[in-house]
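# Inside the fold
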There are 2 protein chains.
Amino acid sequence: MALLSRNLTVLLQQNLRLVTPGCRYVSQTATKTESEFEYDAPSMKTPIPGPRSKNVGAINFFCNYEESRGNYLVDADGNRMLDLYTQISSVPLGYNHPALMKVLSSPSNLSAFINRPALGILPPENFPEKLTESLLSNKERGSNSPSAEETSSCMINQSPGCPDLSILSFMGAFHGRTMGCLATTHSKIIHKLDIPSFDWPIAPFPRLKYPLEEFVQENLQEEARCLEEKGKPVAGIVIEPIQAEGGDNHASADFFIKLRNIARKHGCAFHVDEVQTGGGATGKFWAHEHWGTNDPADIGYRIFNTWMGDPSKNLFLSEVLNVIRRENLLEEVTRSGKTLLHGLYELQGTFCAVDARDDVTRDNLLLKLRDKGKQEHTEKPNTHTRFSVFPHTPFLSSGVLLGGCGEKSIRFRPALIFKDYHAHLFLNIFNDVLSDHK
Amino acid sequence: MALLSRNLTVLLQQNLRLVTPGCRYVSQTATKTESEFEYDAPSMKTPIPGPRSKNVGAINFFCNYEESRGNYLVDADGNRMLDLYTQISSVPLGYNHPALMKVLSSPSNLSAFINRPALGILPPENFPEKLTESLLSNKERGSNSPSAEETSSCMINQSPGCPDLSILSFMGAFHGRTMGCLATTHSKIIHKLDIPSFDWPIAPFPRLKYPLEEFVQENLQEEARCLEEKGKPVAGIVIEPIQAEGGDNHASADFFIKLRNIARKHGCAFHVDEVQTGGGATGKFWAHEHWGTNDPADIGYRIFNTWMGDPSKNLFLSEVLNVIRRENLLEEVTRSGKTLLHGLYELQGTFCAVDARDDVTRDNLLLKLRDKGKQEHTEKPNTHTRFSVFPHTPFLSSGVLLGGCGEKSIRFRPALIFKDYHAHLFLNIFNDVLSDHK
């Protein structure tokens, strides 16, 4: 899937030429799904949003999560869609996985759902001891007690109590929307505009040229440019192994290892944000495992809040990990990712009919793709100007859900139970849509 | 409970004189609990932390949430404690309430727990339409499109794209620990020290003198002092109806109404933080209902994240509200709060034996109270210097859990199912502890 993302980015970021006009991808016969609990295929009954999703405002449509199964999301009108976006990549085993149903129906698990504890002070027995002294340490302060000036100035937000320390982040990065995280986010104007921020340093993220094998020297120089040090002292660096929200931007393992060494040299923390890339979708559990180093990142810890987590989510996490191991899902996604990638290469001819050179073109394409099949639908499209329908609005076409990212990229985020079968199913549908679109 | 908090603050903030030396509070006979599902009384088997909570680090002790019931928290060693702190006030119906067990065991609810949706784009059918146009509006920007300078400057954290707007907050306030919230928090040094912040204006919060009826004029002047305008333009004001973490500090309804008017006059948003005070513990569902105004606060909205909430928590919330109505819990907490308050007044003589004039005295008292009953216990007390055991560390004494807040206050945060019976039970135990302590 890492490859998939990287190469899909290629397809969209290059100004592709029409290699085989009118070429048509013919997928293998789609073998029946192995998951007994899900559906066989998409099934569209109404335009999207359907009559039961009227007045949706900023959202896409209403869903029926009870009826959704595996890779298929069902909406309020009974439309059943193959979901390659999975709630912005947050449903690892698809919908209503039987293993998770079992976790929930076990009487011994009820307490974890009902009695959400203040984990920081009153954890349940055997709760992992993650709050070790080493994690609670603070580099600048060390064991020094704060001075009177520090304690009084911090209460009114002033230095030296609240020091002028910064976090170095990268252009195109997305690390969240609360104010500290937002100061390290630089992916979209809509996230940033009108919100006060910190004057923290920002480095460029490599913009590699594809195919990688044809631009080895250029890409080396590009990565070296992004590693140039600006001389600004920072407390920490934060980076995504693949910039997701910013457009599925990749860099080499060599780039990350060099960056990690720079951080170590200056004694500043090196944080790897795996919110999108972690959990198995790259074929390894963490994307940073692809770097092949034993010391990929630091762990920072100085947080206290009321709950400090939710043990009921840990119950699910534990079962998700069991299913990943039991069903070899890391191997499975590597296989279905290759199928998907191969199919997309085959479709290049069809892709080429579409000028995806800039964001306007991409957005128009995505809108047309979403609106396909609802010609009879007269409702005005979502016209929020402040909240663009991209990147967080999946588009719909013949029952396939996808999301956009970056300026002109399409984001594939299928669940870990996405198989070869589903890849072929998608490729056949995509082929039809692209043929129609020409 | 609002009165309780206010008056309990009195008891601790005043330098009380010994009115009735050796007086002894004798509670009414504690009638048996009405809640069939909980226990009858505390039951202590080991010192706290017990052998199964060894090596607790920063936490207090490990809990057995399966065995906890109603107002009683059971620890890993089987010690059963009357809990007047309820996970920093976050367990409204106590532990393992049967109504919530029923919610969880209903098959039709399973989907809400397993399929956590991206609510902002794909909510379940009938999900309340909270994201209306009016809530999404932005006062400064209005309908003006951003300029090129604004869109480019916001991506690198600079004005005018990221404007120099501020939120006015109050000394002693606690609004959270993420960076934006933390800039409005001024309750404890430990929350603030070493973390970069914003240079935003801070107003004083009234420090009322008690008993209120004896200091009417002084308190009026004190509140007027806190309402003096500094001439700094702000985008919004945020305030707690009762400063909780900061020491259960109260102000009059008149103060809040005047502050709300000032906000309206300047066109800045007025936010009321009810995280601690909301949910019924003051005898009304929201503490700001005590102000008796129809326009207590503004609602601000410009947030998007992956989940935008958790429908499974809404299932519980809905049932919590049912139980509150069905069992008249708002009336019940008003009644048990009065019992508790009356009992504490009766105990004043005993209180007076303790000098609670400053934080050191209070902390020593609380430590001794917690350590009572574990004389045979040789483990060193928690010696983290960076993370004071107060205010978030409840103390233990003969099986009663309480928390501290502010500089020298004790925080009572019982569940909504805390009845007269429990108040008497607590008062009898507290009386014994205070007698011993003299």
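Under an unreviewed UniProt entry, chain A has the name 4-aminobutyrate aminotransferase, mitochondrial and belongs to Bagarius yarrelli. Checking UniProt for chain A, the heading Cofactor (unreviewed entry) contains the comment "pyridoxal 5'-phosphate". You can read under Sequence similarities (unreviewed entry) in the UniProt record for chain A the words "Belongs to the class-III pyridoxal-phosphate-dependent aminotransferase family."

### What about helix α10 (residues 311-326) of chain B?
Note on helix geometry: an α-helix contains 3.6 residues per turn, so any two residues three or four positions apart are oriented the same way. With 16 residues, α10 of chain B extends 23 Å between its outermost C-alpha atoms, agreeing within 8% with the 22 Å of an ideal straight helix rising 1.5 Å per residue. Among all positions in α10 of chain B, only P311, S312, F316, E319, V320, V323 and I324 of chain B are buried. Along its buried surface, α10 of chain B packs onto α4 (110-114) and α10 (311-326) of chain A together with α3 (98-105), α4 (110-114) and α11 (329-346) of chain B. Backbone geometry just after α10 of chain B places N328 of chain B at a positive phi near 50°.

### Points about the relation of the copies chain B and chain A
When chain B is fitted to chain A, the best match, at an RMSD of 0.0 Å, comes from turning it 180° and sliding it 0.0 Å along the axis. Given the turn and translation reported, the copies of this chain are related as if by a two-fold rotation axis. Of every C-alpha in chain B, the one belonging to M179 of chain B sits nearest the axis of rotation, 2.8 Å from it. Most of the interface of chain B is mirrored in chain A, where 100% of its interface residues again form contacts.

### Here's the deal with the confidence of the model for chain A
All names here are of chain A. Per-residue confidence for chain A gives a mean pLDDT of 76, with 71% of residues at or over 70. Least confident of the elements in chain A is helix α1 (residues 2-13), whose mean pLDDT is 36; most confident is strand β5 (residues 236-239), at 95. For the stretch residues 352-357, pLDDT sits under 50, and the model shows 15 contacts to residues farther than four places along the chain or on other chains.

### A short note on the pairing of strand β6 (residues 269-272) of chain A
Residues and elements named next belong to chain A. Taking every second residue as pointing to the same face, the buried face of β6 carries F270 and V272, while none of A269 and H271 on the other face is buried. Where β5 meets β6, 4 bridges bridge the pair, whose relative direction is parallel. Among the inter-strand pairings, I239 is bridged to a residue of β6, identified as V272.

### Describing the packing of helix α3 (residues 98-105) of chain A against α10 of chain A
Residue and element names in this part refer to chain A. Contact geometry for α3 and α10: axes closest at 10 Å, N-to-C directions at 145°. As for how α3 packs across α10, the hand of that crossing is right-handed. Contact residues: α3 offers A99, L100, V103 and L104, while α10 offers L315, F316, E319, V320, V323 and R326. For the contact of α3 with α10, a count of residues per class yields 8 nonpolar, no polar and 2 charged.

### Concerning the side chain of S187 of chain A
Secondary-structure assignment places S187 of chain A in the loop between α6 (179-182) and α7 (189-192). Here H191 of chain A takes part through its side chain, which lies 3.3 Å from a polar atom of the side chain of S187 of chain A. Every residue in contact with S187 of chain A, bar those within four places of it in the chain, is listed here: G172, A173, F174, E245 and G246 of chain A together with M155 of chain B.

### Considering the nonpolar core
The tendency in soluble globular proteins is for nonpolar side chains to be buried as a group. The biggest cluster of nonpolar side chains holds 36 residues, and the ones touching the most others in it are L104 and F316 of chain A together with L104 and F316 of chain B. Listing elements by their share of this core, those giving two or more residues are α3, α4, α10 and α11 (329-346) of chain A together with α3, α4, α10 and α11 of chain B. Contact partners of F316 of chain A, with chain neighbours within four places excluded, come to L100, V103, L104 and F113 of chain A together with F113 and I114 of chain B.

### Let's talk about the interface of chain B and chain A
Facing 96 residues of chain B, the contacting portion of chain A comprises 96 residues. Carbon and sulfur atoms make up 62% of the surface buried where chain B meets chain A, a total of about 8600 Å² over both sides. The tally of links between chain B and chain A comes to 2 salt bridges. Among the ionic pairs, D310 of chain A bridges to K313 of chain B, the shortest N-O distance being 2.8 Å. Our count for the chain B to chain A interface comes out at 30 residue pairs in polar contact (both at pLDDT 80 or more). At the level of elements, α2 (86-89), α3, α4, α5 (148-154), α6 (179-182), α7 (189-192) and α10 of chain B are the ones that each hand at least two residues to the side of chain B that touches chain A. Tallied by class, residues from the side of chain B that touches chain A come to 51 nonpolar, 27 polar and 18 charged.

### Here's the deal with α11 of chain B
Given a rise of 1.5 Å per residue, 18 residues ought to cover 26 Å, and the 25 Å separating the end C-alpha atoms of α11 of chain B matches this to within 8%. Listed as buried for α11 of chain B are L329, E332, V333, S336, G337, T339, L340, L341, G343 and L344 of chain B.

### Notes on the sheet that holds strand β3 (residues 167-170) of chain A
All names here are of chain A. Pairing is parallel across the open sheet formed by 4 strands, whose spatial order is β4-β3-β5-β6. Two strands lie at the open edges of the sheet, namely β4 (202-203) and β6, each paired on one side alone. Against the sheet, helix α9 (residues 253-265) makes contact with β3, β5 and β6, and its axis sits at roughly 165° relative to β5, the strand it touches most.

### Focus: the sheet that holds strand β5 (residues 236-239) of chain B
Note: strands within a sheet are paired through backbone hydrogen bonds, in either parallel or antiparallel orientation. Residues and elements named next belong to chain B. Here 4 strands make up an open sheet; going across it, the order is β4-β3-β5-β8 and the pairing parallel. At either end of the open sheet lies a strand with only one pairing partner, and these are β4 (202-203) and β8 (269-272). Alignment of strand β3 (residues 167-170) against β4, held across 2 bridges, turns out to be parallel. From the neighbouring strand, S169 faces β4, where its bridge partner is I202. The sheet strands contacting helix α9 (residues 253-266) are β3, β5 and β8, and the helix crosses β5 at an angle near 165°.

### Things to note about the packing of aromatic side chains
Residue and element names in this part refer to chain A. Using the criterion set out here, one finds 22 aromatic pairs over all chains in the structure. Between the aromatic rings of F113 and F316, the centroid separation amounts to 5.6 Å while the plane-to-plane angle is 65°, which identifies the pairing as edge-to-face. Placement of F113 in helix α4 and of F316 in helix α10 is noted, with a sequence separation of 203 residues between them. Given the relative accessible area of 4%, F113 is considered buried. What makes F316 buried here is its relative accessible area of 9%. On the basis of an interplanar angle of 80° and a centroid distance of 5.4 Å, the ring pair of F255 and F256 is categorised as edge-to-face. Each member of the aromatic cluster is reached from another via a ring pair, and the members are F170, F205, F255, F256 and W291. R116 extends its terminal NZ or CZ atom over the ring of W307, reaching a point 4.0 Å from the ring centre.

### Considerations on the environment of T282 of chain A
Inspection of the secondary structure assignment puts T282 of chain A in the loop between β6 and α10. One polar contact links T282 of chain A to H290 of chain A, side chain to side chain, over a distance of 3.1 Å.

### A word on unusual backbone geometry
All names here are of chain A. Here the residue pair S159 and P160 is connected by a cis peptide bond, since its omega of 10° sits within 30 degrees of zero. Mapped onto the elements of the fold, P160 is located in the loop between α5 (148-154) and β3. The residue N96 is not glycine, and still its phi comes out positive at about 50°. The topology assignment puts N96 in the loop between α2 (86-89) and α3. A residue is classified by how much of its surface remains accessible, and N96, at 6% relative accessible area, is buried. Unlike most non-glycine residues, N157 shows phi in positive territory, near 70°. Along the chain, N157 turns up in the loop between α5 and β3. For N157, a relative accessible area of 4% gives the class buried.

### Quick look at the pattern of salt bridges
Residues and elements named next belong to chain A. Counted under the stated rule, the structure contains 24 salt bridges over all chains. Across the salt bridge formed by R116 and D310, the nearest N and O atoms sit 3.9 Å from each other. Remark: D310 occurs in the loop between β6 and α10 and R116 occurs in the loop between α4 and α5; sequence separation between them is 194 residues. Here R260 and D298 are joined by a salt bridge, their closest N and O atoms 2.9 Å apart. Of this pair, R260 sits in helix α9 while D298 sits in the loop between β6 and α10, and the two are 38 residues apart along the sequence. Each of the salt bridges in this network shares a partner with another, and the network as a whole consists of R260, R264, D295 and D298.

Rules used throughout
- Residues numbered from 1 in each chain as written.
- Chains lettered and ligands numbered in written order.
- Predicted model: local features only at pLDDT ≥ 70, side-chain atom pairs only at ≥ 80, totals over all residues.
- Heavy atoms only, no water.
- UniProt positions renumbered as here; feature names shortened; annotations may be inferred.
- Helix = DSSP H or I, 4+ residues; strand = E, 2+ residues; numbered from the N terminus.
- Expected span 1.5 Å × (residues − 1).
- Buried < 20%, exposed > 50% of the residue type's maximum accessible area, 1.4 Å probe, protein only.
- Contact = heavy atoms within 4.5 Å.
- Least-squares fit on C-alpha atoms with pLDDT ≥ 70 in both.
- pLDDT = per-residue confidence, 0-100.
- Pairing = 2+ DSSP bridges.
- Axes fitted to C-alpha atoms, helices over the stretch in contact; angles between N-to-C directions.
- Left-handed = near helix turned anticlockwise from the far one by under 90°.
- Nonpolar A, V, L, I, M, F, W, Y, C, P; charged D, E, K, R; others polar.
- Polar contact = N/O pair within 3.5 Å; in protein donor to acceptor, adjacent residues only side chain to side chain.
- Core = buried A, V, L, I, M, F, W, Y, C linked by side-chain atoms within 4.5 Å.
- Buried area = accessible area lost by both parts, 1.4 Å probe.
- Salt bridge = Lys/Arg side-chain N within 4 Å of Asp/Glu carboxyl O.
- Phe/Tyr/Trp six-rings, centres within 6.5 Å; stacked < 30°, edge-to-face > 60°.
- Lys NZ or Arg CZ within 6 Å of the ring centre and 35° of its normal.

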